[in-house]
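Each chain, written out:
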Amino acid sequence: MPTVLSFDDLDNLIEGAAFMGSGGGGPLPLARSLLATMKQQGMNPTLVEWAEIPGNYRVATTAGIGSPNAAESVQSPFTIAPKRMIEALEQALGYSIECLIPGETGPMNSLIPMMAAAQLGIPVLNGDGAGRAMSTLAMSTFNAVASTQPYMLGNETETQTDQVTAQLTVQTPEQADALTRGIVSEASFGSSGAFATWPSTASQLGKVAVQGSVGQAMDVGRLLKQVRALGADPVPALQQYFGSRMRCLYTGKLTQVDSHTAQGFDITQVRMASAGQPGLTLYALNESMMAWRDDLAHPLAVGPDSLCWVTEDGVPFSNASLNDYLSPTAPTLHLIGLSAVPQLLTPSILAAYRAALLPMGYPGPYQPLSYWEEAEHGHH
């Protein structure tokens, strides 16, 4: 049965996606304001499973783009551009899109396709291309079955005379990324917008998508709300939900956040401290990519494994909100490691993560959380 999502469901979705997104996927406060707009306009999207739609259904992705910090400065963010880009994609393709799928899991990019789908009157597939948020298009599982062609990119503005659209003809997702960063940083674009691409069919995408990821984010959001209602620490409940996929990597306070925006990315170095414990450095390229504890000769985790934020009170957040947790009175934070879904462990996706980790000072190969844990205890 296709499910019409309530606003409670959508609120659970953005909460859970804030946790699942590995620090990326857009700021949760911004997603809340988008959700308020959807509520105001009565937009209730429909979520479908693969088995509920024909395999030849035409599917595509739309997502917000630009620096999350820059995106926060837009008045009514992302109510126009995503739908506009799907329509531009349809025009370029010469056929209608019958279903949308989120490109990633994160507060904004889980919600944006929901809103666009509700505006267009089409359903959303319960899945995505990462099971987390990603820094570059090359990190998506969709590339294995769908091309980033055509690729439509447009700015977020209600003023029709200011609306610009770029159709990129590219051979690789890396080219799309590079050109996108250039266009988004162009003054006439404004700082944020949306793209639409990866035209495919439900059966093709079903081979590589992380199926069920939208439902999982809603579960996690619901779980965190239950934890908060009980006034409990979230780690045991999360551990029970995720099982061996999850490790609590560090518990402490934020002491420093150094962030600068470059090439459309928020590049961030975060320091955490805990009384009597070695400190920790987290490296992020919008999304958190690596955690390294001061006393270890190797990282605690590297992407595509996820590094997820939740306060000791059960409040999830993304890296766009880090500065809110810097004050001495801010709550203690848990940094949670989540093993990457198996769909991400392909040579091309691992190479894309390696390219992001290299400028952060990690030139080595991906190893799972279990490997670093064994290394820490001297088993390697």
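Above this note sits the structure.
As the structure is a prediction and not an experimental result, all values here were calculated from the model.

Caption draft 1: Looking closely at the overall build of the protein chain. For the protein chain, the count of helices and strands is 11 helices and 17 strands. The C-alpha radius of gyration computed for the protein chain amounts to 20 Å, which stays within 12% of the reference 21 Å derived for 380 residues, consistent with globular compactness. Structurally, the protein chain occupies a C-alpha span of about 60 × 45 × 40 Å along its principal axes. For the protein chain, the proportion of its 380 residues judged to be buried stands at 59%.

Caption draft 2: Region of interest: the side chain of H334. You can see H334 is positioned in strand 17 (residues 333–338). At 2.9 Å, the side chain of H334 and the side chain of D233 are in polar contact. Setting aside residues no more than four positions away along its own chain, H334 makes contact with D233, P234, V235, C248, Y250, T251, C308, W309, V310, T311 and E312.

Caption draft 3: The arrangement of the pattern of salt bridges in detail. By the definition in use, this model includes 11 salt bridges. A salt bridge links E373 to R247, with the shortest nitrogen-to-oxygen separation between them at 2.8 Å. Residue E373 is found in helix 11 (residues 369–376), and its partner R247 is found in strand 11 (residues 246–262); the two are separated by 126 residues along the sequence. Across the salt bridge formed by E376 and R293, the nearest N and O atoms sit 3.1 Å from each other. Separated by 83 residues along the polypeptide, E376 in helix 11 and R293 in strand 14 (residues 287–293) bring together distant segments of the chain. Residue classification places R293 among the buried residues on the basis of a relative accessible area of 15%.

Caption draft 4: Broad picture of the packing of aromatic side chains. On inspection of all chains with the given rule, the structure shows nine aromatic pairs. Seen in terms of ring centroids, W309 and F317 are 5.5 Å apart; in terms of plane orientation they differ by 15°. Their pairing is stacked. Take W309: its relative accessible area is 0%, and that puts it in the buried class. Classification of F317 by relative accessible area gives buried; the value is 2%. Summarising the aromatic geometry, the rings of F317 and Y325 are spaced 4.1 Å apart at their centres and angled 20° between planes, so their arrangement reads as stacked.

Caption draft 5: Inspection of the pairing of strand 7 (residues 151–155) at higher detail. Burial runs high along strand 7: five of the five residues are buried. Of the two faces of strand 7, the one holding Y151, L153 and N155 and the one holding M152 and G154 are both buried throughout. As judged from the four bridges shared by strand 7 and strand 8 (residues 165–168), these two strands associate in the antiparallel manner. Looking at strand 8, one finds that L153 is bridged to A166. Here strand 7 runs beside strand 9 (residues 193–201); their pairing, made up of four bridges, is antiparallel. Of the residues in strand 9, the one forming a bridge with N155 is G193.

Caption draft 6: Summary view of the pairing of strand 14. Among the seven residues in strand 14, six count as buried, and that is most of the element. Direction of pairing for strand 13 (residues 280–285) relative to strand 14: antiparallel, over a ladder of six bridges. When the sheet's bridge partners are listed, A284 is paired in strand 14 with S288. Remark: one residue form the turn of the hairpin made by strand 13 and strand 14, two consecutive strands paired antiparallel; N286 in that turn has positive phi of roughly 65°. Judged from the two bridges that link them, strand 14 and strand 15 (residues 301–302) form a sheet pairing that is antiparallel. Considered in strand 15, the bridge of A291 is made with A301.

Caption draft 7: Representation of the packing of helix 1 (residues 7–20) against helix 2 (residues 28–40) within the structure. The interhelical angle for the contact between helix 1 and helix 2, taken along N-to-C directions, is 165°, at an axis separation of 10 Å. When the interaxial angle is binned, helix 1 and helix 2 end up roughly antiparallel. Regarding helix 1 and helix 2, the two cross each other, and that crossing is right-handed. Two secondary-structure elements touch here, helix 1 through F7, L10, D11, I14, E15 and A18 and helix 2 through L28, A31, R32, L35, M38 and K39.

Thresholds applied
- Residues numbered from 1 in each chain as written.
- Predicted model: local features only at pLDDT ≥ 70, side-chain atom pairs only at ≥ 80, totals over all residues.
- Heavy atoms only, no water.
- Helix = DSSP H or I, 4+ residues; strand = E, 2+ residues; numbered from the N terminus.
- Rg over C-alpha atoms; globule rule 2.2 N^0.38 Å.
- Buried < 20%, exposed > 50% of the residue type's maximum accessible area, 1.4 Å probe, protein only.
- Polar contact = N/O pair within 3.5 Å; in protein donor to acceptor, adjacent residues only side chain to side chain.
- Contact = heavy atoms within 4.5 Å.
- Salt bridge = Lys/Arg side-chain N within 4 Å of Asp/Glu carboxyl O.
- Phe/Tyr/Trp six-rings, centres within 6.5 Å; stacked < 30°, edge-to-face > 60°.
- Pairing = 2+ DSSP bridges.
- Axes fitted to C-alpha atoms, helices over the stretch in contact; angles between N-to-C directions.
- Parallel < 35°, antiparallel > 145°, perpendicular 65-115°, else oblique.
- Left-handed = near helix turned anticlockwise from the far one by under 90°.

These results come straight from atomic positions and should not be treated as a statement about function.
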